[in-house]
Amino acid sequence: MTTTTKAPPEADQRPSGRRGSVRPGDRNFSIAARAAGILILIVLAGVTVFLVSEALPTFQADPSEIEGGEGFFSYVWPLVFGTLVAALIALIVATPLALGIALFISHYAPRRMSQGLGYVVDLLAAIPSVVYGLWGIQWLAPNVQGAWAWLAENLGFIPLFTGPASATGRTMMTAGLVLAVMVLPIITAVSREVFLQTPKLHEEAALALGATRWEMIRMSVIPFGKPGVIGGVMLGLGRALGETMAVAMVLSTGGFTWSLVSSGNNTIAAEIALDFPESSGLKTNTLIAAGLVLFVITLGVNMLARWIVSRRKEFSGAN
Amino acid sequence: MSAATSTPRATSTLTSNQLHRFAPAGLLVAAAAVSAGLAAVIGFSIPLFVFLGIVIFAAALTAVSAAVEGRRKATDRLVTTLVVTAFALALIPLIAVVWSVIGNGLSAFGVDFLTTSMRNVTGLQDQQTMQDGAPLIGGAYHALVGTLIITALATAISVPIGLMTSIYLVEYGRGRLARAITFFVDVMTGIPSIVAGLFAAALFAVLFGVGTRNGFAGAVALSVLMIPVVVRSSEEMLRIVPNELREAAYALGVPKWRMIVRVVIPTAISGIASGVTLAIARVVGETAPLIVTAGFTSSINTNPFSDWMMSLPSYVYSLAMRPLSGSEPQPSLDRAWAAAFTLVIIVMLLNLIARLIAKAFAPKTGR
Amino acid sequence: MSKRIDVGDLNIYYGDFLAVEGVSMEIEARSVTAFIGPSGCGKSTFLRALNRMHEVIPGARVQGKVMLDGEDLYAYGVDPVNVRRQIGMVFQRPNPFPTMSVRDNVLAGLKLNSKRMSRSEADEVAERSLRGANLWNEVKDRLDKPGAGLSGGQQQRLCIARAIAVQPEVLLMDEPCSALDPISTLAIEDLIGELKQNYTIVIVTHNMQQAARVSDRTAFFNIAGTGKPGKLIEMDDTTKIFTKPGVKATEDYVSGRFG
């Protein structure tokens, strides 16, 4: 099958000034198609309207009635902080690893192996988040607890590693690591895709100049793939910000603290998942307002990501 | 082992000093030995040993290569080591996930697990299981049924809307409406799953009263996540149908809608079906939206329009976070792992099916 | 079967761009008319305007008249779908439907319009059309195999069989041989010679020998420069166009002194 570059055919347009009869079949079908598209817009408008209207009571209520007793802002900022920190840890850990895997698959591994690896990466991206959460709480937390204890003991003077370290290992760092494992396949998939799209001509030009493999990658692959990789990282960030279950299950939540190796802190998504099922009254509205904040943050990140990715010509990446 | 062979060959300009091809392997062994020694002094642990080994190996190889082959070659070798290390390092958690799901999941998994619900199972039975060796009872049948019903409903909502929208975008869409839809489908792709859940919860709260939770609300939440995926993948598939086929149909005097239904869709059907399957695989494991919309229960509920409905992800979550018996959490954790295992199997099967569909129904060109 | 076409002062636009200007011509029934001319001169656009196929490109519109045996194709209320049922088209590249067998491809025009047919009737139409396209003997043993599995030349004849299965009055061919090898080209040219006994045929070609071989009348289109509209320069009997054309530009073009 070939891809045609021409625009798909448009509905039959009558010459100006003359209008013919439209077949009922054609009319009904095109109306149905258009209606489906409009329905999507309505749903999205509905999401916004319902979230805003359900969140409004929070802002109208007396600040002392909000959880924490000091108004919505002081309730939500530690959650925003937690959300950002967890996502940041995830990105710091996952990005170099993902780039390593992507380069390995695209330029180091034998051809046959790289295809299989690509498939495995796709499968890992499909594993449900609740499974990662269960793994994080049951396997990862006990295994990394020692490392956090060591950090608290030896680097405790840094505020981020203030002790005492959590005895269960269910800390912000652990949650961030689980998020890192979850976004790893996403960043890898996007980066691999752009690395593979590097024009062979550029690579061969570099090699023909006597470049070593790394010099070739630095000269041709990385400059070419940079915007795509940044876009992929941003997509990963969007996912990490909105991810709920891993944090809800792994983190032993609590009030705000700078320390990443003791229990405490929480993210917006996890707070909603943990509290919403048992919430009522104003608390429900507050949680929905928090959800709105999360929505706005992820929206911003995703738009930025798409803008960066779309600056590159035709790029078929993550979605 | 000697690190390098640097026999000078004055005659050729093409040869240069090069490490022997077994030199890296030799250095690796040496690095392992040194790091084992060092680790033994500090206090042996496998992570420490591996970490030290890699650092020593990378440093030694770079140093030796720089001395023998020059700086450029040394940088190349260092980066190769780093890339391979990053790859190996990333494999650890990925293998650990798969390993723990299989290792832990099999202990409670079985026919009984898939065919019984948690009704009337309490912490008491779990304590007996642990203390007296009574068999583990209670399974995930109700959650499996719930997952199937909710996912099927979500699919039934999402596929027609998603497919028709993609047809609109590819075959009809021009101008502002099409651009708006494309843009907002992009926006929708980025909605966090918990926000989709909140939307459905708020919608049902307004329509049917505060606190309304049932399977249908869960299906609506999942649809919000599924529709953009279906639109995206179907759109991509419809766009690669060659225009020549559309023209051929037009030239035969076929009305546009018949052309779409009888020519364009059949040509793209394998891609569309495989995209839909992948979309199902994506939402079948969604947990957060179901927690806030469908609720939890330990009984079988086959009516998505009333009462709370369990799903596999919620089952995993609730048993892992709130074991039936506080003093003996192990049986609950075993069940959670078994349900996670079931979920992973379902997702893998769906991915496999998607691949098979893409292969099997692809237009044949063979003679 | 077979009707004549009269074109009166036809302008074709893509949006604001005038692609073809002021073409008038008569196309006789049961004859082969060839359109020749340099690339981009509008001959394909004009051909597609003859069965309103150009309308599938957004923004395309026409001014003027195209009469099929006295009926204006562009009159108020005329359904382009009905126009195309009477005026079939064969394209530059063979485009059999990849999801259909050889037999279904031939019957596609009927089946896609949900025409009810008995099995024997369908078999008869398929055989008659395939025989008409000189393809029957080559594919009669693999009617149920995918149409896309045939060779390029066979695929193009399959497309011709598909076009004549709906029994059109006119058959438009847009460079039908440009993607084919010489032997397949010869087979198609022979077929055109046979088809003109029953159909009005209009063919666009870049190959002047082909125009000389197959057509009765030839129309030469030319373009003054990039961005200018294409125009009909001259139309006459093929022998006359190739021996003593009335216009200098035609002579330059057919003798290879063009440009």
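Computed from a predicted structure; not experimentally measured.

We now examine the overall build of chain A. Of regular secondary structure, chain A possesses 10 helices and zero strands. Moving toward the C terminus, one meets the helices and strands of chain A in the order α-α-α-α-α-α-α-α-α-α. Burial statistics for chain A: of 319 residues in total, 48% are counted as buried. Partitioning the contacts of chain A with sequence separation of at least 6, the portion at a separation of at least 24 is 78%.

Between chain A and chain B, the residue contacts involve 76 residues of the former and 82 residues of the latter. Broken down by element, the residue count for the side of chain A that touches chain B peaks at 19 residues, all from helix α1 (residues 24-60) of chain A. Classifying every residue of the side of chain A that touches chain B by side-chain character gives 48 nonpolar, 18 polar and 10 charged.

Residue and element names in this part refer to chain A. Along its sequence, chain A is carved into domain 1 (25-60) and domain 2 (72-313). Computed over C-alpha atoms only, the centres of domain 1 and domain 2 are separated by 31 Å. Across the contact, seven residues belong to domain 1 and nine residues belong to domain 2. For the side of domain 1 that touches domain 2, a count of residues per class yields five nonpolar, one polar and one charged.

Residues annotated in UniProt with the feature "domain: ABC transporter" (unreviewed entry) correspond here to residues 5-248 of chain C. Within residues 5-248 of chain C, the helical portion is 34% and the strand portion 27%, while the C-alpha atoms at the span's ends are 27 Å from each other.

Turning next to the UniProt feature "transmembrane region" (unreviewed entry) in chain A. Residues and elements named next belong to chain A. Mapped onto this structure's residue numbering, the UniProt feature "transmembrane region" (unreviewed entry) falls at residues 31-52, 72-105, 117-141, 172-191 and 287-309. Between the C-alpha atoms that bound residues 31-52 the distance is 31 Å, and the span itself is 100% helix and 0% strand. Between the first and last C-alpha atoms of residues 72-105 the distance is 47 Å; the span itself is 100% helix and 0% strand.

So, about the confidence of the model for chain C. Interpretation of the predicted coordinates at a detailed level should be avoided for regions scoring low in pLDDT. Averaged over chain C, the pLDDT score is 90; the fraction of residues at 70 or greater is 98%. Of all helices and strands in chain C, the one with the weakest mean pLDDT is helix α10 (residues 248-254) of chain C (89), whereas strand β8 (residues 200-204) of chain C scores best (95).

Residue and element names in this part refer to chain A. The geometry of helix α6 (residues 200-208) relative to helix α7 (residues 213-242) is characterised by a closest axis approach of 8 Å and an angle of 155 degrees between their N-to-C directions. As judged from the angle between their axes, α6 and α7 are roughly antiparallel. Handedness of the crossing formed by α6 with α7: right-handed. Between α6, through His202, Glu203, Ala206 and Leu207, and α7, the contact on the second element is made entirely by Glu215, Met216, Met219, Ser220, Val221 and Phe224. Tallied by class, the residues present in the contact of α6 with α7 amount to six nonpolar, two polar and two charged.

With that settled, consider helix α6 (residues 152-165) of chain C. Residues and elements named next belong to chain C. The first and last C-alpha atoms of α6 sit 20 Å apart over 14 residues, in line with the 20 Å expected at 1.5 Å per residue. The buried fraction of α6 is high, at 13 of 14 residues. Phi turns positive, to about 50 degrees, at glutamine 167, one or two residues after α6.

In this section: the environment of B:Ser325. Residues and elements named next belong to chain B. Take serine 325: it is sitting in the loop between α13 (312-321) and α14 (330-360). The partly exposed category is assigned to serine 325, around which 18 C-beta atoms lie within 10 Å. Residues serine 325 and threonine 122, 203 residues apart in the sequence, show an inter-C-alpha distance of 7.4 Å. Ignoring anything within four residues of it in the chain, the contact list for serine 325 reads Gly123, Asp126 and Gln127.

What follows covers the UniProt feature "domain: ABC transmembrane type-1" (unreviewed entry) in chain A. The UniProt record marks residues 80-305 of chain A with the feature "domain: ABC transmembrane type-1" (unreviewed entry), using the residue numbering of this structure. Taken end to end, residues 80-305 of chain A comprises 77% helix and 0% strand; its first and last C-alpha atoms sit 20 Å apart.

So, on to unusual backbone geometry. Residue and element names in this part refer to chain B. One non-glycine residue with positive phi stands out, namely asparagine 120, at about 65 degrees. Assignment of secondary structure puts asparagine 120 in the loop between α4 (111-115) and α5 (123-132). Accessibility expressed as a C-beta count within 10 Å gives 10 for asparagine 120, which makes it exposed.

The next subject is the pairing of strand β4 (residues 60-68) of chain C. Consecutive side chains of a regular strand alternate in pointing toward one face of the sheet and then the other. Residue and element names in this part refer to chain C. Pairing geometry for strand β1 (residues 5-14) and β4, over eight bridges, is antiparallel. Its bridge partner lying in β4, aspartate 6 is registered against methionine 67. Pairing geometry for β4 and strand β5 (residues 71-72), over two bridges, is antiparallel. Bridge pairing links methionine 67 to aspartate 72 in β5. Turn length for the β4-β5 hairpin, with the two strands adjacent in sequence and antiparallel, is two residues, and the turn residue aspartate 69 shows positive phi of about 50 degrees.

So, how was this worked out
- Residues numbered from 1 in each chain as written.
- Chains lettered and ligands numbered in written order.
- Predicted model: local features only at pLDDT ≥ 70, side-chain atom pairs only at ≥ 80, totals over all residues.
- Helix = DSSP H or I, 4+ residues; strand = E, 2+ residues; numbered from the N terminus.
- Buried ≥ 20, exposed ≤ 12 C-beta atoms within 10 Å, placed from the backbone.
- Contact = placed C-beta atoms within 7 Å.
- Nonpolar A, V, L, I, M, F, W, Y, C, P; charged D, E, K, R; others polar.
- Domains from an automatic or database assignment.
- UniProt positions renumbered as here; feature names shortened; annotations may be inferred.
- pLDDT = per-residue confidence, 0-100.
- Axes fitted to C-alpha atoms, helices over the stretch in contact; angles between N-to-C directions.
- Parallel < 35°, antiparallel > 145°, perpendicular 65-115°, else oblique.
- Left-handed = near helix turned anticlockwise from the far one by under 90°.
- Expected span 1.5 Å × (residues − 1).
- Pairing = 2+ DSSP bridges.

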